[in-house]
Amino acid sequence: MHPHEELLHRFYQAFQRRDWHAMTMCYHPQVTFQDAAFSLTGAPEIGAMWRMLCERGHDLQLTYSNVHADDHQGQADWEARYTFSQTKRPVHNRIQARFTFSDGLIYSHHDAFSFWRWSRQALGPVGWLLGWSPFLQRKVQAQAAKNLQQFRAKLA
């Protein structure tokens, strides 16, 4: 198994245990992360996001598969089942992750999923009606950024 593939297995196994610290240790200090809710730079900021999500995700169940990596890039598929804290609605999200590597660590991490599918589950009728719209995605991004900022302030 390629060392970067082993790294991705370590990352997702830590995620399954909700061990945000071990997840963060898999990242390069200048890592970038992007998904439909967050666009973050640097291991401390991304680590704080994972800490927030792991600590708040009391019922999080995660599976992963199709891990492949070489010297430069990698990929994995993962699924998360959890209760969305703001609405108490159940979510089953399917994510395709893409990675690049530097110095034996994750240098970029991009998670892609259907925002409309996610929003229908997490937000109910509002997500069904507006989940396709950039307006709702910007609103979710702004709320996610605010939540992370407040979480980091409590840690300081």
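Our structure's up above, just so we're on the same page.
Bear in mind the structure is a predicted one, so any value in this text is a computation, not a measurement. (Residues numbered from 1 in each chain as written. Predicted model: local features only at pLDDT ≥ 70, side-chain atom pairs only at ≥ 80, totals over all residues. Heavy atoms only, no water.)

Enquirer: How should I be thinking about the overall build of the protein in this particular structure?
Expert: When helices and strands are tallied, the protein shows six helices and six strands. When the helices and strands of the protein are placed in sequence order, the string is α-α-β-β-α-β-β-β-β-α-α-α. Relative to the compact-globule value of 15 Å for 156 residues, the protein shows a C-alpha radius of gyration of 15 Å, a close match. With the C-alpha coordinates aligned to their principal axes, the bounding extent of the protein is approximately 45 × 35 × 30 Å. In the protein, 53% of the contacts between residues at least 6 apart in sequence involve partners at least 24 apart. When the accessible surface of the protein is split by element, carbon and sulfur atoms take 54% of a total near 8,700 Å². Counting 17 positive and 13 negative side-chain charges, the protein places the centres of these two groups 14 Å from one another. (Helix = DSSP H or I, 4+ residues; strand = E, 2+ residues; numbered from the N terminus. Rg over C-alpha atoms; globule rule 2.2 N^0.38 Å. Contact = heavy atoms within 4.5 Å. Areas by Shrake-Rupley, 256 points an atom, 1.4 Å probe, with all protein chains shown as cover. Lys, Arg positive; Asp, Glu negative; His and termini not counted. Charge placed at Lys NZ, Arg CZ, Asp CG, Glu CD.)

Enquirer: I tried to follow the pairing of strand β1 (residues 27-34) on my own but got confused; where do I start?
Expert: Consecutive residues of a regular strand have side chains that alternate between opposite faces of the sheet. Note: β1 against strand β6 (residues 105-112), four bridges, orientation parallel. Residue pairing in the sheet places Gln34 in a bridge with His110 of β6. With three bridges connecting them, β1 and strand β2 (residues 39-41) associate as antiparallel partners. From the neighbouring strand, Thr32 faces β2, where its bridge partner is Thr41. What sits between β1 and β2 in their antiparallel hairpin is a turn of four residues. (Pairing = 2+ DSSP bridges.)

Enquirer: What should I look at first to understand the packing of helix α4 (residues 115-123) against helix α6 (residues 134-155) in this one?
Expert: The description of two helices packed together rests on the angle between their axes and the distance between the axes. Running from amino to carboxyl end, α4 crosses α6 at an angle of 65°, the nearest separation of the two axes being 11 Å. As summarised for this structure, α4 and α6 are arranged roughly perpendicular, according to the angle between their axes. The two elements α4 and α6 cross, and the hand of that crossing is left-handed. In this structure, α4 uses Phe115, Trp118, Ser119 and Leu123 to contact α6, whose residues at the interface are Leu136, Gln137 and Val140. The class makeup of the residues in the contact of α4 with α6 is five nonpolar, two polar and no charged. (Axes fitted to C-alpha atoms, helices over the stretch in contact; angles between N-to-C directions. Parallel < 35°, antiparallel > 145°, perpendicular 65-115°, else oblique. Left-handed = near helix turned anticlockwise from the far one by under 90°. Nonpolar A, V, L, I, M, F, W, Y, C, P; charged D, E, K, R; others polar.)

Enquirer: Would you mind going over the side chain of Thr24 with me for this structure?
Expert: Structurally, Thr24 can be placed in helix α2 (residues 20-24). A relative accessible area of 14% means that Thr24 is categorised as buried. Within polar-contact distance, the side chain of Thr24 engages the backbone oxygen of Trp20 at 2.8 Å. (Buried < 20%, exposed > 50% of the residue type's maximum accessible area, 1.4 Å probe, protein only. Polar contact = N/O pair within 3.5 Å; in protein donor to acceptor, adjacent residues only side chain to side chain.)

Enquirer: Would you mind going over the environment of Phe99 with me for this structure?
Expert: Among the secondary structure elements, Phe99 is positioned in strand β5 (residues 89-102). On a C-alpha basis, the gap between Phe99 and Gln75 in space is 5.9 Å, while along the polypeptide they are 24 residues apart. In this structure, Phe99 is in contact with Leu8, Tyr12, His72, Gln73, Gly74, Gln75, Ala76, Ile106, Ser108 and His109, ignoring residues within four places of it in sequence.

Enquirer: Where do I start with the sheet that holds β5 in this structure?
Expert: Taken in spatial order, the six strands of this open sheet run β2-β1-β6-β5-β4-β3, and their pairing is mixed. In this open sheet, the two strands that pair with only one neighbour each are β2 and β3 (61-69). Strand-to-strand twist of the sheet, defined as the mean angle between neighbouring strand axes without regard to direction, takes the value 20°. Bridging between β3 and strand β4 (residues 73-84) involves seven bridges; their strand directions are antiparallel. Across the sheet, the residue bridging to Ala69 is Gly74, located in β4. Together, β1, β3, β4, β5 and β6 form the strand contacts of helix α1 (residues 3-16), whose direction differs from that of β3 by roughly 175°. Running over the sheet, helix α3 (residues 43-56) touches β1, β2 and β6 and is turned about 60° from β1.

Enquirer: Looking at this model, I keep getting lost on the nonpolar core. Mind explaining?
Expert: Across soluble globular proteins, nonpolar side chains have a tendency to be buried as a group. Tyr12, Phe15, Tyr27, Phe38, Trp50, Trp78 and Ile106 are the most contacted members of the largest nonpolar core, which has 46 residues in total. Contributing elements (two or more residues each) for this core: α1, β1, α3, β3, β4, β5, α4 and α6. Take this core: its biggest share by element is seven residues, from α3. When neighbours within four sequence positions are excluded, Tyr12 is seen to be in contact with Leu62, Tyr64, Ala76, Trp78, Ala97, Phe99, His109 and Asp111. (Core = buried A, V, L, I, M, F, W, Y, C linked by side-chain atoms within 4.5 Å.)

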